[in-house]
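So the chains spell out like this:
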Amino acid sequence: MMKNKWLMVFIMVFLLSMTACGNGNQAEDGKKNATAEQKDSVALEKESGKTVPKDGKVLVAYFAVAENSDVDAISSASVSDVNGEKKGRMTALAEMIQEKTGGELFSIKTSVKYPGDGGKLIEYAQKEQDDDARPELTSHIDNLDDCSVIFIGFPTWWYDLPQILYSFFDEYDFTGKTIIPFNSHNGSQFSGTIETIQKLEPDATVITDGFTVNEKDVPKAKEDIDSWLSDLGF
């Protein structure tokens, strides 16, 4: 009887110790999983490029066809009615971003006078691409060294940047700065333009979560822009 009693005690102690070890391993596995999830979260945040510096000035640079047209701005095909006022689409988006961020507006201007007619503009844009043109810039950034964040806005033309943007990136070195693209389109969204910017400015941080909107929806984009900027920390 005594032997059986001690045998039963031994079995109970053994089972209790195994249960404790099991719980300890589960707790350790839980810690490991939580740590892995945290690392994955950080990795995803870095990959998405959502970390935006809060020091330095914000510049909102944009290319608006309406401000570089062979007709007056309100007659251009690239104009929308925003709150009862005729504005170039990219001008309107840039102003919405400027209002939320307090950044300085900069219009990218060129000596080229783009056709105000929509059909002719499409043909002209295609010829510029075929020629790999570099239109002359007539406006220039004076205080780039003071800026840490540069919003850059443009329409998508033939699934690419307008050629004036290539001139723009040729002129400026954005090393160490954060570039945030915004865009209007007619169905093609950003296409491959964000990747193109990354190649043109390899030493800048290019936010991949840019803002893109169909050109017909520009007049009502303010709420979506505010939400997007809030997600970026503005």
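See the structure shown above.
Scoring rules and cut-offs
Residues numbered from 1 in each chain as written. Predicted model: local features only at pLDDT ≥ 70, side-chain atom pairs only at ≥ 80, totals over all residues. Heavy atoms only, no water. Phe/Tyr/Trp six-rings, centres within 6.5 Å; stacked < 30°, edge-to-face > 60°. Helix = DSSP H or I, 4+ residues; strand = E, 2+ residues; numbered from the N terminus. Buried < 20%, exposed > 50% of the residue type's maximum accessible area, 1.4 Å probe, protein only. Contact = heavy atoms within 4.5 Å. Polar contact = N/O pair within 3.5 Å; in protein donor to acceptor, adjacent residues only side chain to side chain.

A. Spotlight on the packing of aromatic side chains. The full count for this structure, using the stated rule, is 13 aromatic pairs. Ring geometry for Tyr114 against Tyr124: centres 5.5 Å apart, planes inclined by 80°, an arrangement best described as edge-to-face. Of this pair, Tyr114 sits in the loop between strand E4 (104-107) and helix H3 (118-131) while Tyr124 sits in helix H3, placing them ten residues apart in sequence. You can call Tyr124 partly exposed: its relative accessible area is 32%. Residues Phe151 and Trp228 carry aromatic rings whose centres are separated by 6.0 Å and whose planes lie at 80° to one another, so their mutual orientation is edge-to-face. Remark: Trp228 occurs in helix H6 (residues 222-231) and Phe151 occurs in strand E5 (residues 147-155); sequence separation between them is 77 residues. Three or more aromatic residues joined by ring pairs form one cluster here, namely Phe63, Tyr114, Tyr124 and Trp157.

B. Focus on the environment of Asp160. By the element assignment, Asp160 lies in the loop between E5 and helix H4 (163-171). Considering only alpha carbons, one finds Asp160 and Thr196, 36 residues apart in sequence, at a separation of 8.4 Å. Setting aside residues up to four positions removed in sequence, Asp160 forms contacts with Gln129, Pro155, Tyr166 and Thr193. Engagement of the side chain of Asp160 in a polar contact is seen with the side chain of Tyr166, the distance being 2.9 Å.

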